[in-house]
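Report on the structure
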Amino acid sequence: QGGPGSEVLKTRYVFQSITEAQNDVKKGICEYPQALAVRLALKFEEQPEDILTCMAQAGLPAGADQRTTVKALLRLCHPDKCKHPDAKLAVQILGPLLSKTS
């Protein structure tokens, strides 16, 4: 966390997620914000809290606080609303962030 190159890695993850989400949309899997939330969760699986500092860079709105942002991400990728095949995994990755945010 926070080592040299970590910001470069985060930026790379964001841009990879954007590209993958655009491809998901082209395939008709789900809407872009949903695909992007799922792809970000998968990329940041090891450190999901790092997603919170990358929201603007990814083009997703950040909430008034971290908890609101996590809730918004969870809504985007909830399997009942999102048909992405990895939506359930994304929720499992992001879910524990709720207890870490206030």
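Quick summary incoming for the structure in this document. (Residues numbered from 1 in each chain as written. Predicted model: local features only at pLDDT ≥ 70, side-chain atom pairs only at ≥ 80, totals over all residues. Heavy atoms only, no water.)

The next point concerns the overall build of the chain. A tally of helices and strands in the chain yields five helices and zero strands. Mapped in sequence order, the helices and strands of the chain form the string α-α-α-α-α. A compact globule built from 102 residues should have a C-alpha radius of gyration of about 13 Å, and the chain, at 13 Å, falls within 12% of that. Once the C-alpha set of the chain is aligned to its principal axes, its extents read approximately 35 × 25 × 20 Å. Every one of the 102 residues in the chain was classed for burial, and the buried ones make up 36%. Sequence-distant contacts, at least 24 apart, represent 57% of the contacts inside the chain between residues at least 6 apart. Total accessible area computed for the chain in this model is approximately 5900 Å², and 53% of it derives from carbon and sulfur atoms. Between the averaged position of the 13 positive side-chain charges in the chain and that of its 11 negative side-chain charges there is a distance of 4 Å. (Helix = DSSP H or I, 4+ residues; strand = E, 2+ residues; numbered from the N terminus. Rg over C-alpha atoms; globule rule 2.2 N^0.38 Å. Buried < 20%, exposed > 50% of the residue type's maximum accessible area, 1.4 Å probe, protein only. Contact = heavy atoms within 4.5 Å. Areas by Shrake-Rupley, 256 points an atom, 1.4 Å probe, with all protein chains shown as cover. Lys, Arg positive; Asp, Glu negative; His and termini not counted. Charge placed at Lys NZ, Arg CZ, Asp CG, Glu CD.)

For the rest of this paragraph, the subject is the side chain of Thr101. Take Thr101: it is sitting in the segment after helix H5 (87–100). Polar side-chain contacts of Thr101 include one of 3.2 Å to the backbone oxygen of Leu98. Beyond its immediate chain neighbours, meaning those up to four positions away, Thr101 contacts Leu52, Gln66, Arg67 and Val70. (Polar contact = N/O pair within 3.5 Å; in protein donor to acceptor, adjacent residues only side chain to side chain.)

The next point concerns the packing of helix H4 (residues 66–77) against H5. Contact geometry of H4 with H5 gives a least axis separation of 9 Å together with a crossing angle of 165°. The orientation of H4 relative to H5 falls into the category roughly antiparallel. The handedness of the crossing between H4 and H5 is left-handed. On the side of H4, the interface is formed by Arg67, Val70, Lys71, Leu73, Leu74 and Cys77, while H5 contributes Ala87, Ala90, Val91, Leu94, Gly95, Leu97 and Leu98. Looking at the contact of H4 with H5 residue by residue, the class counts come to ten nonpolar, one polar and two charged. (Axes fitted to C-alpha atoms, helices over the stretch in contact; angles between N-to-C directions. Parallel < 35°, antiparallel > 145°, perpendicular 65-115°, else oblique. Left-handed = near helix turned anticlockwise from the far one by under 90°. Nonpolar A, V, L, I, M, F, W, Y, C, P; charged D, E, K, R; others polar.)

On to the side chain of Lys10, then. By secondary structure assignment, the location of Lys10 is in helix H1 (residues 6–26). Residue classification places Lys10 among the buried positions, given a relative accessible area of 13%. Excluding residues that lie within four positions of it along the chain, Lys10 makes contacts with Phe44, Asp50, Thr53 and Cys54.

Counted by the stated rule, this structure contains four salt bridges. Where Glu7 meets Lys10, a salt bridge forms, and the shortest distance between an N and an O atom there is 3.2 Å. Of this pair, Glu7 and Lys10 both sit in helix H1, three residues apart, roughly one helical turn. Given a relative accessible area of 52%, Glu7 falls into the exposed group. (Salt bridge = Lys/Arg side-chain N within 4 Å of Asp/Glu carboxyl O.)

For the pair helix H2 (residues 32–43) and H4, the least separation of the axes is 8 Å and the interaxial angle reads 110°. Judged by the angle between their axes, H2 and H4 are roughly perpendicular. As for how H2 packs across H4, the hand of that crossing is left-handed. Contacts between H2 and H4 involve Pro33, Gln34, Ala37 and Val38 from the former and Leu73, Leu76 and Cys77 from the latter. A breakdown of the residues in the contact of H2 with H4 according to their chemical character gives six nonpolar, one polar and no charged.

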